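Next come the chains, spelled out residue by residue.
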Amino acid sequence: MSPGEVREAPRGHRQALWDEPLLFEYKDEGEGFRFPDERIEPDLVPANLRRDAVAIPNLTKLQMMRHYVRLSQKNFGVDSGVYLLGSCTMKYNPKLNEELAVHPAASDMHPYLSEDACQGSLEVLYRLQEALKKVSGMDAVSLQPAAGAQGEYTGVLIARKYHETRGDERDEIILPDSAHGTNFSSAAMAGFKVIEIPSTKEGTVDVDALKQALGPRTAAFMITNPSTLGIFEDKILEVAKAVHAAGALLYYDGANLNAIMGITSPGAMGFDIVHINTHKTLSTPHGGGGPGAGPVGVKAHLKDFLPVPMIVKRGETYHLDYDLAHTIGKVRGFYGNFGILLRAYAYILANGGDGLTRISKMAVLNSNYMKEKLKGTFELPGKPLRKHEFVLSARKLRDEKGIRALDIAKRLLDYGYHAPTIYFPHIVEEAIMIEPTEAETKDDLDRVIETLKTIAAEDPELVRTAPHNTAVARVDEVGAARTPILRWSPAAQVETVFPRRGGPKDGPPAPR
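The text that follows walks through the structure, step by step, so that each part is easy to find. Note that this is a predicted model, so its numbers are computed, not measured.

## Description of the overall build of the protein
Assigned secondary structure in the protein consists of 15 helices and twelve strands. A burial count over the protein gives 48% of its 512 residues as buried. Taking the contacts inside the protein whose residues are at least 6 apart along the sequence as the reference set, 69% of them involve residues at least 24 apart.

## Describing the pattern of salt bridges
Counting across every chain of the model gives 27 salt bridges. One salt bridge in this structure joins Arg-217 and Asp-171, with 3.1 Å as the shortest N-O distance. One end of the pair, Arg-217, is in the loop between helix 7 (207-213) and strand 4 (218-223); the other, Asp-171, is in the loop between helix 5 (148-165) and strand 2 (172-176), and 46 residues separate them in sequence. Relative accessible area serves as the criterion here: at 31%, Asp-171 is assigned to the partly exposed category. Among the ionic pairs, Glu-429 bridges to Arg-395, the shortest N-O distance being 3.6 Å.

## Here's the deal with the sheet that holds strand 12 (residues 431-434)
What the three strands build is an open sheet, ordered 10-12-11; its pairing is antiparallel. Across the chains shown, the open sheet's two edge strands, defined by having one partner strand only, are strand 10 (390-393) and strand 11 (421-422). Helix 10 (residues 338-374) contacts strand 10 and strand 12 of the sheet and is inclined by roughly 15 degrees relative to strand 10.

## With respect to helix 8 (residues 236-245)
All of the buried residues along helix 8 are Ile-236, Val-239, Ala-240, Ala-242 and Val-243. Angular distribution of buried residues about the axis of helix 8 spans 165 degrees; they occupy a single face of the element. Of the exposed residues in helix 8, those oriented more than 90 degrees away from the buried face are Leu-237, Lys-241 and Ala-245. Close packing links the buried residues of helix 8 with helix 7, strand 4 and strand 5 (249-254). Positive phi shows up at Gly-247, right after helix 8, with a value of about 80 degrees.

## Focus: the nonpolar core
Grouped together as the largest cluster of nonpolar side chains are 55 residues, with contacts concentrated most on Leu-210 and Phe-221. Of all elements in the fold, only helix 4 (119-136), helix 7, strand 4, helix 8, strand 5, strand 6 (273-276) and helix 10 reach the threshold of two or more residues within this core. Apart from residues lying up to four places away in sequence, Phe-221 is in contact with Ile-174, Leu-175, Pro-176, Ile-197, Val-205, Leu-210, Val-239, Val-243, Leu-249, Leu-250 and Tyr-251.

## Section: the packing of helix 10 against helix 13 (residues 442-457)
The interhelical angle for the contact between helix 10 and helix 13, taken along N-to-C directions, is 30 degrees, at an axis separation of 10 Å. Here helix 13 runs roughly parallel to helix 10, going by the angle between their axes. Where helix 10 crosses over helix 13, the two elements pack in a sense that is right-handed. Contact residues: Asn-366, Tyr-369, Met-370, Lys-373 and Leu-374 in helix 10; Lys-442, Leu-445, Asp-446, Val-448, Ile-449, Leu-452 and Lys-453 in helix 13. Taken together, the residues of the contact of helix 10 with helix 13 sort by class into seven nonpolar, one polar and four charged.

## Comments concerning the packing of aromatic side chains
What the rule picks out here adds up to five aromatic pairs. On the numbers, 5.2 Å between centres and 80 degrees between planes, the contact of Tyr-112 with Phe-334 is edge-to-face. Of the two residues, Tyr-112 sits in the loop between helix 3 (104-107) and helix 4 while Phe-334 sits in the loop between strand 9 (317-321) and helix 10, which places them 222 residues apart along the sequence. A relative accessible area of 66% means that Tyr-112 is categorised as exposed. Overall, the relative accessible area of 37% leaves Phe-334 in the partly exposed class. Its guanidinium or amino end placed over the ring of Phe-334, Lys-330 lies 5.5 Å from that ring's centre, counting from NZ or CZ.

## Digging into unusual backbone geometry
Residue Pro-226 is bonded to the preceding Asn-225 through a cis peptide linkage, with omega at 0 degrees. In the segment running from Ala-466 into Pro-467, the intervening peptide bond is cis, with an omega of 5 degrees. Take Pro-467: it is sitting in the loop between helix 14 (460-464) and helix 15 (477-482). Of note, the phi angle at Tyr-423 is positive, near 60 degrees, even though the residue is not glycine. Positionally, Tyr-423 belongs in the loop between strand 11 and strand 12. Of note, the phi angle at Thr-437 is positive, near 65 degrees, even though the residue is not glycine. As for its position among the elements, Thr-437 is in the loop between strand 12 and helix 13. A residue is classified by how much of its surface remains accessible, and Thr-437, at 0% relative accessible area, is buried.

## Quick notes on a nonpolar patch on the surface
Taken together, the side chains of Leu-22, Phe-24, Val-54, Ile-56 and Trp-488 define a hydrophobic patch exposed on the protein surface, amounting to about 470 Å² of accessible area. A relative accessible area of 35% places Leu-22 in the partly exposed class.

## A look at the sheet that holds strand 6
Reading across the sheet, the seven strands line up as 1-7-6-5-4-2-3 and stay open at both edges, with mixed pairing between neighbours. At either margin of the open sheet sits one strand with a lone partner, and together these are strand 1 (140-142) and strand 3 (193-197). Recorded for the sheet is a direction-independent mean angle of 25 degrees between the axes of neighbouring strands. As paired strands, strand 5 and strand 6 are joined by four bridges and run parallel to one another. Pairing of Gly-254 across the sheet is with Ile-276, part of strand 6. Along the sheet, helix 8 contacts strand 4 and strand 5; its crossing angle with strand 5, the most-contacted strand, is approximately 135 degrees.

## Examining the pairing of strand 8 (residues 310-314)
The pairing of strand 8 with strand 9 spans five bridges and is antiparallel. Its bridge partner lying in strand 9, Lys-313 is registered against Tyr-318. Counting the residues between successive antiparallel strands, the hairpin from strand 8 to strand 9 contains two residues, one of them, Gly-315, with a positive phi of roughly 65 degrees.

## Re the side chain of Asn-337
Here Asn-337 is to be found in the loop between strand 9 and helix 10. Owing to a relative accessible area of 0%, Asn-337 belongs among the buried residues under this scheme. Within the local environment of Asn-337, its side chain forms a polar contact with the backbone oxygen of Gly-292, the two atoms lying 2.9 Å apart. If we skip the residues at most four places from it in the chain, Asn-337 touches Leu-143, Pro-145, Ala-146, Pro-291, Gly-292, Ala-293 and Arg-332.

Cut-offs used in this document
Residues numbered from 1 in each chain as written. Predicted model: local features only at pLDDT ≥ 70, side-chain atom pairs only at ≥ 80, totals over all residues. Heavy atoms only, no water. Helix = DSSP H or I, 4+ residues; strand = E, 2+ residues; numbered from the N terminus. Buried < 20%, exposed > 50% of the residue type's maximum accessible area, 1.4 Å probe, protein only. Contact = heavy atoms within 4.5 Å. Salt bridge = Lys/Arg side-chain N within 4 Å of Asp/Glu carboxyl O. Pairing = 2+ DSSP bridges. Axes fitted to C-alpha atoms, helices over the stretch in contact; angles between N-to-C directions. Arc of directions from axis to C-beta. Core = buried A, V, L, I, M, F, W, Y, C linked by side-chain atoms within 4.5 Å. Parallel < 35°, antiparallel > 145°, perpendicular 65-115°, else oblique. Left-handed = near helix turned anticlockwise from the far one by under 90°. Nonpolar A, V, L, I, M, F, W, Y, C, P; charged D, E, K, R; others polar. Phe/Tyr/Trp six-rings, centres within 6.5 Å; stacked < 30°, edge-to-face > 60°. Lys NZ or Arg CZ within 6 Å of the ring centre and 35° of its normal. Patch = residues over 30% accessible without salt bridge, like charges linked within 9 Å, V, L, I, M, F, W, Y side chains within 5 Å. Areas by Shrake-Rupley, 256 points an atom, 1.4 Å probe, with all protein chains shown as cover. Polar contact = N/O pair within 3.5 Å; in protein donor to acceptor, adjacent residues only side chain to side chain.

Structure follows, in structure tokens:
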């Protein structure tokens, strides 16, 4: 097939089926855009870095435009359909924030600019720190971490340094069995022994088990509230009291902060450390290969342990402050994620305090609306009242019809919806975690609800063999895990792992 040729028409859902090659697979026809020779200044590039030729084709602007439009049509995003991915808070990213982030005043800064030359940027960072202090109820916030997971690791390092400074040898961190997987990883990476405690039948922390696990070796108890089941820990004050009585710190995983903004805060609940996932709560982009942001907030007694530099205001000017008595040091080189932080600040300004509170209330309302409509079709383990997300179980469908959570997730793709998170948290059999966010309308929620009910009543074989309308059929996930394809090569697209529509005889496109 020639580049850009359509293999078959899309069938009633949002994923186009383009046989689109990579850019360097295109044939070089020599008619693309070139800079005039007079604009080339060879002395600007060191001799050892100059190349006479670059192994990329010379394409026209129209070829480039069509290439990226086709790729976007193969993709699925919040801008094209409902995205139910629980725990990841896939909310709408305002386009105004994107425009701000690519403005030259934000995107063209050099990391070695003097403080005098970037006062405006430092003011933005300082104001964001102050805003996040209010949202989280903490006394100080660092914007250093470049991702939620790095923020979590930074928080654990702060806990370790705090105890070391006090001469207190503590090498254990306690986690509930409903915790995010990164909690276990961060604790282990920081050198702690991980102690897992069970949840109650209601889905909350087993406080008695926690008290038994707490001891002189406990450095911290890490918890998400609301939990990954979407359940608010109504004994959190008792938890905080027990943790502090044992001399340990209480750590807040901010992944679910979208449920409580303006209603309560980690600070009000007695937490000592919190990390914030700006991509979940404050509408910054998810991943994509660039830097993210994972601000860390602490109570006053931990302020001197934050990573440096902090953004401070002295009089009417802003500065980078490296003078913290017990800092854990730098956790990254520069503030190269300024564009992400600017988006988060713009989102806070655009909504204001009342707006953020309304966002959380709408997220909780949407979640409970869907939960109430679906709990008769699927099982609902744990306490009935949920916050911004809820977890259903497809165990009954599995036992009675042989339909698993994975099958339901794949079948949703046929109807044009992104699949929810499945098989997490691990304490729920055949778990389906749904987070509609505040961004969806009631009509869209109703359509998803009816689709899930339809799938549950469909021919089991139709569901078990889904998806049927996507560009790629069901992936051999075991094969993909055991034989990962990590680099491009003409023969690397294994048909058995990624079965393309039209059958194996079509095969991958030949290199061009």
